[in-house]
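Remarks on the overall topology
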Amino acid sequence: ILRKMQALAAFGGGGGQRNMVEFRCGKMKMDGNGTTVRPDPRKGKLAVNKSEDGLMHLTWTDRAGGVVEDDFIIFPGDATFSYVEKARSN
């Protein structure tokens, strides 16, 4: 996925905020103690897009309301996607 995003970013991909990649996903939240994460029950969508100013954005949108809750600017080499086989048991 990351190589595809980098190739699309280099190509330019047209105007506007067109999503280069998007998929349905949930979200986790850190507890107040800072050591445990808990699932957020809402359904969401994660998307990577390139805005008109050329910046890459990683956004998480609540699918029920269509509200963008998180919007992070990412730079080449700053982020990676990786598959987690299985959570370790504690």
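Before reading on, note that the structure itself is shown above.
Reference entry: report on the structure contained in this document. (Residues numbered from 1 in each chain as written. Predicted model: local features only at pLDDT ≥ 70, side-chain atom pairs only at ≥ 80, totals over all residues. Heavy atoms only, no water.)

Okay, the pairing of strand β4 (residues 67-74) next. Relative to β4, strand β3 (residues 56-62) runs antiparallel, the two sharing seven bridges. Bridge pairing links Met56 to Ile74 in β4. Between the antiparallel neighbours β3 and β4 lie four residues, among them Gly66 with a positive phi of about 70 degrees. (Pairing = 2+ DSSP bridges. Helix = DSSP H or I, 4+ residues; strand = E, 2+ residues; numbered from the N terminus.)

The subject of this paragraph is the side chain of Asp62. Secondary-structure assignment places Asp62 in strand β3. Other than its neighbours up to four places away in sequence, Asp62 contacts Arg42, Lys43 and Val67. (Contact = heavy atoms within 4.5 Å.)

Residues Met28, Met30 and Val37 make up a contiguous nonpolar surface patch of roughly 300 Å² in combined accessible area. Relative to the helices and strands, Val37 is located in strand β2 (residues 37-50). (Patch = residues over 30% accessible without salt bridge, like charges linked within 9 Å, V, L, I, M, F, W, Y side chains within 5 Å. Areas by Shrake-Rupley, 256 points an atom, 1.4 Å probe, with all protein chains shown as cover. Salt bridge = Lys/Arg side-chain N within 4 Å of Asp/Glu carboxyl O.)

Attention shifts here to the packing of aromatic side chains. For the structure shown, the criterion picks out zero aromatic pairs. Sitting over the face of the ring of Trp60, Lys27 holds its NZ or CZ atom 4.6 Å from the ring centroid. (Phe/Tyr/Trp six-rings, centres within 6.5 Å; stacked < 30°, edge-to-face > 60°. Lys NZ or Arg CZ within 6 Å of the ring centre and 35° of its normal.)

This paragraph deals with the layout of surface pockets. In this model, the second largest pocket occupies a volume close to 220 Å³. Lining the second largest pocket we find Phe23, Cys25, Leu46, Phe81, Ser82, Tyr83 and Val84. When the residues that make up the lining of the second largest pocket are grouped by side-chain class, the tally is six nonpolar, one polar and no charged. (1 Å grid on protein atoms, 1.4 Å probe; cavity = no way out; pocket = protein on both sides within 12 Å on 5 of 7 lines; lining within 4 Å. Points joined across faces, edges and corners; volume = space filled by probe spheres on them. Nonpolar A, V, L, I, M, F, W, Y, C, P; charged D, E, K, R; others polar.)

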